[in-house]
Number of protein chains: 2
Amino acid sequence: MNLAALRGRTVTVVEVGPRDGLQNERALVSTDDKVAYVDRLSAAGLPVIEVSAFVNPKRVPQMADASRLFARIQRRPGARYTALVPNLQGLERAIDARVDEVSIFAAASDGFSRANINASVDESLVTYAAVCAQARAAGLPVRGYLSTAFGCPYDGPVDPARVVSLTERLLELGVREVAVSDTIGVAHPGQVMALLDRLLPRVGTAVVALHFHDTRGTALANVLTALDAGITTFDASAGGLGGCPYAPGASGNLATEDLLYVLDGLNVKTGVSLDGVTAASAFIEPRLDHALPSRYVQAIRSRRGSAEAD
Amino acid sequence: MNLAALRGRTVTVVEVGPRDGLQNERALVSTDDKVAYVDRLSAAGLPVIEVSAFVNPKRVPQMADASRLFARIQRRPGARYTALVPNLQGLERAIDARVDEVSIFAAASDGFSRANINASVDESLVTYAAVCAQARAAGLPVRGYLSTAFGCPYDGPVDPARVVSLTERLLELGVREVAVSDTIGVAHPGQVMALLDRLLPRVGTAVVALHFHDTRGTALANVLTALDAGITTFDASAGGLGGCPYAPGASGNLATEDLLYVLDGLNVKTGVSLDGVTAASAFIEPRLDHALPSRYVQAIRSRRGSAEAD
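Here's what I pulled together on the structure shown here.

Rules and cut-offs
- Residues numbered from 1 in each chain as written.
- Chains lettered and ligands numbered in written order.
- Predicted model: local features only at pLDDT ≥ 70, side-chain atom pairs only at ≥ 80, totals over all residues.
- Contact = placed C-beta atoms within 7 Å.
- Helix = DSSP H or I, 4+ residues; strand = E, 2+ residues; numbered from the N terminus.
- Nonpolar A, V, L, I, M, F, W, Y, C, P; charged D, E, K, R; others polar.
- Buried ≥ 20, exposed ≤ 12 C-beta atoms within 10 Å, placed from the backbone.
- Pairing = 2+ DSSP bridges.
- Right-handed = clockwise from strand over helix to strand, strands pointing away.
- Axes fitted to C-alpha atoms, helices over the stretch in contact; angles between N-to-C directions.
- Parallel < 35°, antiparallel > 145°, perpendicular 65-115°, else oblique.
- Left-handed = near helix turned anticlockwise from the far one by under 90°.
- Core = buried A, V, L, I, M, F, W, Y, C linked by C-beta atoms within 7 Å.
- Least-squares fit on C-alpha atoms with pLDDT ≥ 70 in both.

Attention shifts here to the interface of chain A and chain B. Bring the parts together and some accessible area is lost; that lost area is often taken as the interface size. On the chain B side, the residues contacting the 37 residues of chain A number 36 residues. Listed by contribution, the elements that provide at least two residues to the side of chain A that touches chain B are helix H8 (189–203), helix H9 (219–228), helix H10 (256–265) and helix H12 (295–309) of chain A. Per-element accounting of the side of chain A that touches chain B gives the leading share, 7 residues, to H12(A). Taken together, the residues that form the side of chain A that touches chain B break down as 16 nonpolar, 16 polar and 5 charged.

Another point: the pairing of strand S3 (residues 80–84) of chain B. All names here are of chain B. Counting buried positions along S3 gives 4 out of 5 residues, so the element sits mostly inside the fold. Direction of pairing for strand S2 (residues 48–53) relative to S3: parallel, over a ladder of 5 bridges. From the neighbouring strand, Ile 49 faces S3, where its bridge partner is Tyr 81. Handedness of the crossover joining S2 and S3 through helix H3 (residues 66–72): right-handed. Direction of pairing for S3 relative to strand S4 (residues 101–107): parallel, over a ladder of 3 bridges. Directly across from Leu 84, in S4, lies its bridge partner Ser 103. Once the chain exits S3 it traverses helix H4 (residues 88–96) before rejoining the sheet at S4, and the crossover so formed is right-handed.

The subject of this paragraph is the packing of H8(A) against H9(A). All names here are of chain A. For the pair H8 and H9, interaxial distance at closest approach is 9 Å and the crossing angle is 30°. Taken together, the axes of H8 and H9 lie roughly parallel to each other. The way H8 lies across H9 gives a crossing that is right-handed. Residues Pro 189, Val 192, Met 193 and Leu 196 of H8 touch H9, and the partners they reach there are Ala 221, Asn 222, Thr 225 and Ala 226.

It is worth spelling out the sheet that holds strand S7 (residues 208–211) of chain B at this point. An order of S1-S2-S3-S4-S5-S6-S7-S8 (chain B) is seen for the 8 strands of this closed barrel, with the pairing classed as parallel. Looking at each pair of strands side by side, their axes are set apart by 30° on average, direction ignored.

What follows concerns the nonpolar core. For soluble globular proteins, nonpolar side chains are generally found buried alongside one another. Core analysis: the largest hydrophobic core is formed by 207 residues, its most contacted members being A:Ala106, A:Leu146, B:Ala106 and B:Leu146. Non-local contacts of A:Ala106, meaning those with residues more than four positions away in its chain, are made with A:Val121, A:Ser124, A:Leu125, A:Tyr128, A:Gly144, A:Tyr145, A:Leu146, A:Leu166 and A:Leu170.

The next subject is the sheet that holds strand S8 (residues 233–236) of chain A. In space, the 8 strands of this closed barrel follow the order S1-S2-S3-S4-S5-S6-S7-S8 (chain A), with parallel pairing throughout. With strand direction ignored, the average angle separating the axes of adjacent strands in the sheet is 30°.

The next thing to look at is the relation of the copies chain A and chain B. With an axial shift of 0.0 Å and an RMSD of 0.0 Å, the rotation relating chain A to chain B amounts to 180°. The superposition operator between the copies reduces to a two-fold rotation axis. For chain A, the minimum C-alpha distance to the rotation axis belongs to A:Met1 and amounts to 1.2 Å. In this assembly, 97% of the residues forming the interface of chain A have copies in chain B that are likewise at the interface, indicating an isologous arrangement.

Encoded structure:
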């Protein structure tokens with residue numbers, strides 16, 4: 001591992017807290033608070049922020065205000081404000097809201113795909129092909145998630161060969177980047193290495209992002225493995241929003257703060273202020289029904305608590 | 001990073017749950033339960049178990065039964081059963097109890113040393129020199145902890161040069177191995193790399209163990225960094241015993257299960273059964289006043305909870 005070689009390298013942190021995070025929170029957050037939250041994340045210097053999802057508001061009430069949110073956030077020049085779209089109707093709303101990029105959400109396993117979007121993987125790709133074509137026509141870049149790439153809660157282990165071929169299919173549809181996602185937080189460095197050893201010779205490092213969940217405490221070790229393999233884009237959620245490790249079924253998003261603590265320590269350039277992200281987390285936390293799971297945030301708080309006790 | 005080169009390598013896991021773990025737990029555990037706990041850890045195949053500490057029973061009531069514990073545990077042939085000793089009186093009790101190895105507990109910072117053992121680092125080394133000499137006379141190997149090696153809760157950052165020179169001084173006293181310890185869980189891979197780059201050319205990899213706390217979620221990324229640098233011995237605490245990440249001042253020991261999940265995934269040989277350790281954790285958990293913080297243990301439990309809910 002040549003960690004010294006990472007010094008000065010630039011890594012793109014994709015902030016998924018407002019969408020992937022909030023979508024998995026029970027507490028409904030007001031549009032006012034979401035605007036203030038996204039603006040704080042922008043101020044922290046995050047280069048890409050997934051702001052919301054243009055999905056069925058009856059199915060996902062937390063995302064019902066996507067259009068109003070996009071109308072009200074302050075857009076920092078140079079930053080990209082993205083949104084998830086499940087289909088052509090969603091894409092249309094996203095275009096109207098002037099998003100910078102849309103994301104589609106494919107899975108590597110049929111079990112998860114059926115449970116999540118009521119379609120097999122192949123069926124979903126038919127829909128996504130239409131979304132990609134239409135987005136291209138509108139001049140909009142598309143990001144593709146490939147969820148359950150390291151294991152599925154329904155189907156169990158996922159064949160790396162399938163992840164490779166689905167990544168290639170998504171790229172053929174015209175997506176700019178595939179976020180290879182460990183939806184259930186089961187990946188470990190050995191598995192990350194094994195997958196990247198197969199995937200990167202086929203598609204290169206530039207079109208692959210990694211999206212880890214810290215369910216088993218392995219997220220940062222996985223990041224290190226991927227960094228060393230040449231990956232330069234990582235998803236993270238401010239404060240670990242969207243997953244409480246103490247709750248059954250927790251999603252356990254890797255916390256942006258935890259990721260930045262390690263990247264800063266390696267002198268990797270992100271352009272993001274750790275304190276700025278922590279401030280955004282401190283703003284959103286009282287609007288939720290639990291403490292944020294970020295280890296960094298908790299450690300800082302515990303340290304302050306001890307200092308006050310002295 | 002050449003993770004593939006780790007395949008088939010042997011790593012020694014030093015189980016510190018019964019000592020470092022229990023010592024930091026509020027709930028007093030009975031000697032019967034401790035015996036059963038240590039025996040379960042032995043059955044899991046752990047090669048080294050720090051069973052207890054021969055310290056002042058008034059100051060540390062949890063460790064008051066050290067002699068009785070050593071008299072009653074079943075010793076698996078080939079495994080080492082060790083104990084912490086703060087001074088010559090402790091060493092005498094440890095020898096009487098037929099421990100296989102004793103540990104001394106030095107610090108890299110005066111602030112922590114004074115708070116913990118009421119002596120500066122230099123003063124403590126005078127005591128430890130006598131302990132090492134006497135242990136050698138009794139034919140007993142000595143392990144040296146070097147705590148606060150990555151940062152001190154009182155003195156702040158710790159100079160790597162000081163860690164190097166104190167490691168050398170401990171080795172000169174005759175210790176077999178120095179457990180370089182991140183007592184407050186502040187280390188990140190960049191810092192681990194920077195320290196090992198200085199330390200290993202001086203003393204080699206064989207006499208250095210690493211002892212990480214997962215306070216900021218970086219423990220496994222640090223392990224990966226150290227593995228890649230050639231380190232083959234890691235401390236861990238079953239279930240993460242001794243630290244609850246949600247409690248202020250939590251110690252946050254790296255959980256043995258979390259470590260094994262990553263090592264098993266890399267096909268590193270440890271001789272330890274992950275399920276066996278999980279069984280030991282499941283035995284001790286109801287005797288504590290909180291849930292064990294191991295991410296692996298919680299993920300398994302959450303998965304079972306979901307399955308039962310289906």
